[in-house]
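Here's the letter readout for the chains.
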Amino acid sequence: MYVSDLALTDFRSYREVVLSLEPGITALVGPNGQGKTNLVEALGYLATFSSHRVATDAALVRQGAHRAVIQARVVRDDRAKVLELEVVAGKANRARLNRSPLPRARDLLGNLRTVLFAPEDLALVKGDPDGRRRFLDELLVLLSPRLAAVRADYDRVIKQRNALLKSAASARRGGSGGDLRTLDVWDEKAAAAGSQLVAARVRVVRDLRPHVENAYERLSSGQSAATLAYRTSVERTTDGGGTTEDGGAPDDGEASREDAHTNAHLVEARLLEAMSRLRTKEIDRGVSLVGPHRDELDLALGGLPAKGYASHGESWSLALALRLASYELLRSETEWDADGEPVLILDDVFAELDTRRRDRLAEVVSGAQQVLITAAVAQDIPSQLEGARVDVMGGEVTRVR
């Protein structure tokens, strides 16, 4: 899979730009603030409906414009598809595939897959759990686009459930117990959607684990072993914080879709039990205390938690290992819904790495079908990644070679 053409209208700093690309390595070179990252951010957004730089869509629309449009021509197995996404701040996105409107924007997901490395990835190791959950969910959508609907349903349900919990708390403070029958219904909805999301996360962590271990060993020269495990909020409410590898899942390493379905039912039962057990606390606090929105991806190096113990260099190697592992999982033969090698995007990462890590990362990614690199100066790009070059200056793109 590769992108042959990218066109942006009113996206970030660009009023209009068209960029032709090719398989292999392409470097986008120019000083900071000239629009290099905007180009690759657009491709990442088209693949995941999420930006690696901002949490909301408003910043993606050029100041003074009402909407932004991302168009890309994606080639796979010698067949091309034209993808188009219209981003309207505060409103639902609109999508077209081969010029035809799609009923839902998320139906576009799966037609382009990217793995994007960026300086912000250091937060995967050093930052809050929310970033690690988002990393898992975005990878899940790339592997199985239908999970975008599950994720959206769960977010909607939890928002409604939290509103009901706050209403119940207000009623209790007013001397009334409140009618909790509606809350029972939303408990069931939250457990049903949440269990599917947990089961999928557990499965992707299990599938990702060997790739992370291998990638970290290559990047760090085997200095220490990297491990990851999924820890559910249900576990923390019952045993004080124990880590679970399965979240209620079988751990034979060969879970099929049928296993995942059974697994989801087990997780659903555990979530319902926890919600019932914690209802008083949840009403007191006006917030849902269990579910995938409070789960954690635990990262460790040499048996110690990476957050708080890993050095800056070790944290960078682990963050890179997570992205490289994602790439390897996406391109490998699996039982997930999607297949085909993703586009690799390296957004200004080489400037952050020492020479040894630069060279090792270059060795790993040099054989990818398409690699897009941004850099402030060409000297930041390792010699192993020699290829096409596009200069970006003042919102203008110029092919150099």
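Counting of residues starts from 1 at the beginning of each chain's written sequence and follows it residue by residue. Only residues with pLDDT of at least 70 are given local features in this predicted model, and only at 80 or more are side-chain atom pairs given and counted; all residues enter the totals for whole chains, interfaces and linings. Computation of side-chain values: all heavy atoms of the structure, hydrogens and water removed.

Enquirer: Would you take a moment to explain the overall build of the chain for this structure?
Expert: The way it works is that DSSP assigns letters per residue, a run of H or I at least four long becomes a helix, a run of E at least two long becomes a strand, and they are numbered from the N terminus. If you tally the helices and strands in the chain, you get 11 helices and 15 strands. Using C-alpha atoms as the atom set, the radius of gyration is obtained and then compared with a globule rule of 2.2 Å times the number of residues to the power 0.38. A compact globule built from 401 residues would reach a C-alpha radius of gyration of about 21 Å, and the chain, at 22 Å, matches this within 12%. Surface accessibility of the chain: about 17700 Å² in total, with carbon and sulfur atoms responsible for 46%. Across the chain, the mean location of the 55 positive side-chain charges is 5 Å away from that of the 59 negative side-chain charges. Shrake-Rupley sampling with a 1.4 Å probe provides the accessible areas, and residues are treated as covered by the protein chains on show and by no other component. Here Asp and Glu are counted as negative and Lys and Arg as positive; His is not counted, and neither are the chain ends. All charge positions are set by atom: Lys at NZ, Arg at CZ, Asp at CG, Glu at CD.

Enquirer: Would you mind showing me how to read helix α3 (residues 129-143) here?
Expert: One full turn of an α-helix is made of 3.6 residues, so residues set three or four places apart face in the same direction. Over its 15 residues, α3 runs 21 Å from end to end, which matches the ideal 21 Å to within 8%, given 1.5 Å per residue. Of all 15 residues that make up α3, 12 are buried, and the element is covered over most of its length. Categorising residues by exposure relies on relative accessible area from a 1.4 Å probe, with only protein chains included: less than 20% of the type maximum marks a residue as buried, more than 50% marks it as exposed, and the intermediate range marks it as partly exposed. All of the buried residues along α3 are Gly131, Arg132, Arg133, Phe135, Leu136, Asp137, Glu138, Leu139, Leu140, Val141, Leu142 and Leu143. Working rule for helices: expected span equals 1.5 Å times residues minus one.

Enquirer: I keep staring at the sheet that holds strand β3 (residues 24-29) and nothing clicks. Help me out?
Expert: The pairing of strands in a sheet happens through backbone hydrogen bonds and is either parallel or antiparallel. Between any two strands, pairing holds if DSSP finds at least two bridges. Taken in spatial order, the 6 strands of this open sheet run β8-β12-β13-β3-β14-β15, and their pairing is mixed. Lying at the two open borders of the sheet, with one neighbouring strand each, are β8 (114-117) and β15 (396-399). Across the sheet, the axes of successive neighbouring strands diverge by a mean angle of 20°, strand direction being ignored. Sheet topology places β8 next to strand β12 (residues 343-347); 4 bridges connect them, and they run parallel. When the bridges of β12 are listed, Phe117 appears paired with Leu346. In the packing of helix α10 (residues 312-331) onto the sheet, contacts are made with β8 and β12, and the angle to β8 comes to roughly 170°. Every axis in this analysis is a line fitted to C-alpha atoms, fitted for helices over the stretch in contact. Angles between the N-to-C directions lie between 0 and 180 degrees. Contact definition: two residues touch when any of their heavy atoms are within 4.5 Å.

Enquirer: Help me understand the nonpolar core, please; the structure alone is not making it clear to me.
Expert: Counting 114 residues, the largest nonpolar core has Leu112, Leu346 and Leu361 as the members making the most contacts within it. Per element, the largest residue contribution to this core is 15 residues, and it comes from helix α5 (residues 181-220). Non-local contacts of Leu346, meaning those with residues more than four positions away in its chain, are made with Phe117, Leu361, Val365, Val371, Leu372, Ile373 and Thr374. In this text, buried Ala, Val, Leu, Ile, Met, Phe, Trp, Tyr and Cys residues form a nonpolar core when linked through side-chain atoms within 4.5 Å. The next biggest cluster of nonpolar side chains, apart from the first, holds 5 residues, and it includes Leu165, Ala168, Ala169 and Ile283.

Enquirer: Can you help me understand the pattern of salt bridges in this one?
Expert: A side chain of one charge can pair with a side chain of the opposite charge when the charged atoms of the two come close. In the sections that follow, a salt bridge refers to a side-chain nitrogen of Lys or Arg positioned within 4 Å of a carboxyl oxygen of Asp or Glu. Under the criterion given, the structure shown has 26 salt bridges. The shortest N-O distance in the salt bridge between Arg94 and Glu86 comes to 2.6 Å. Salt-bridge contacts for Arg104 lead to Asp107; the nearest nitrogen and oxygen are separated by 3.0 Å. A relative accessible area of 44% places Arg104 in the partly exposed class. Beyond isolated ion pairs, a larger network of salt bridges with shared partners links Arg161, Asp184, Asp187, Arg279 and Glu282.

Enquirer: Explain α10 here, please?
Expert: Here α10 spans 29 Å end to end across 20 residues, near enough to the 28 Å set by a 1.5 Å rise per residue. Burial runs high along α10: 16 of the 20 residues are buried.

Enquirer: Before we go on, may I ask you to explain the pairing of β3 in this structure?
Expert: Within a regular strand, the side chains alternate between the two sheet faces. Along β3, 5 of the 6 residues are buried, which leaves the element largely enclosed by surrounding structure. Two strands pair when backbone bridges link them, and β3 and strand β13 (residues 370-375) are joined in this way by 6 bridges, in the parallel orientation. The partner of Gly24 across the bridge, within β13, is Gln370. Of the pairings in the sheet, the one linking β3 to strand β14 (residues 388-393) comprises 4 bridges and is parallel in character. Looking at the pairing, Thr26 lines up with Ala388 of β14.

Enquirer: How should I be thinking about the confidence of the model for the chain in this particular structure?
Expert: Predicted coordinates in areas of low pLDDT are best not read in detail. Per-chain confidence: the chain averages 87 in pLDDT, with 91% of residues scoring 70 or above. For every residue, the predictor states its confidence as a pLDDT score lying anywhere from 0 to 100. Taken as a whole, residues 240-258 scores under 50 in pLDDT and shows 44 contacts with residues more than four places along the chain or in a different chain.

Enquirer: Sorry, what's going on with the side chain of Glu41 here?
Expert: In this structure, Glu41 sits in helix α1 (residues 36-48). Glu41 gets classed as buried once you look at its relative accessible area, which sits at 1%.

Enquirer: Could you clarify how one ought to interpret unusual backbone geometry in this entry?
Expert: Most peptide bonds take the trans configuration, and most residues that are not glycine carry a negative phi. Positive phi is not limited to glycine here, since Asp78 has a value of about 65°. Even without glycine at this site, Asp348 takes up a positive phi of about 60°. Mapping Asp348 onto the fold places it in the loop between β12 and α11 (355-365). Its relative accessible area of 21% is what places Asp348 among the partly exposed residues.

Enquirer: Just to check I follow, could you spell out the side chain of Gln370 for this structure?
Expert: Inspection of the secondary structure assignment puts Gln370 in strand β13. Assessed through its relative accessible area of 0%, Gln370 is described here as buried. What qualifies as a polar contact is a pair of N or O atoms within 3.5 Å, subject to a donor-acceptor requirement within protein and to the restriction that residues adjacent in sequence count only when both atoms come from side chains. A distance of 2.7 Å separates a polar atom in the side chain of Gln370 from the backbone nitrogen of Val3. The residues contacting Gln370, other than those within four sequence positions of it, are Met1, Tyr2, Val3, Leu21, Glu22, Pro23, Gly24, Val343 and Leu344.

Enquirer: For this particular structure, what's the right way to read the packing of α5 against α11?
Expert: In a pair of packed helices, the angle between the axes and the distance between the axes together describe the arrangement. Look at α5 against α11: their axes get within 8 Å of each other, and the N-to-C directions meet at 135°. Regarding the angle of α5 to α11, the classification is oblique. Touching Arg218, Leu219 and Ser220 of α5 are Arg356, Arg357, Arg360, Leu361 and Val364, all from α11. Residues of the contact of α5 with α11, tallied by class, amount to 3 nonpolar, 1 polar and 4 charged. Every angle not falling under 35 degrees, over 145, or within 65 to 115 is termed oblique; those three ranges are roughly parallel, roughly antiparallel and roughly perpendicular. When residues are sorted by character, Ala, Val, Leu, Ile, Met, Phe, Trp, Tyr, Cys and Pro go into the nonpolar class, Asp, Glu, Lys and Arg into the charged class, and all the rest, Gly among them, into the polar class.

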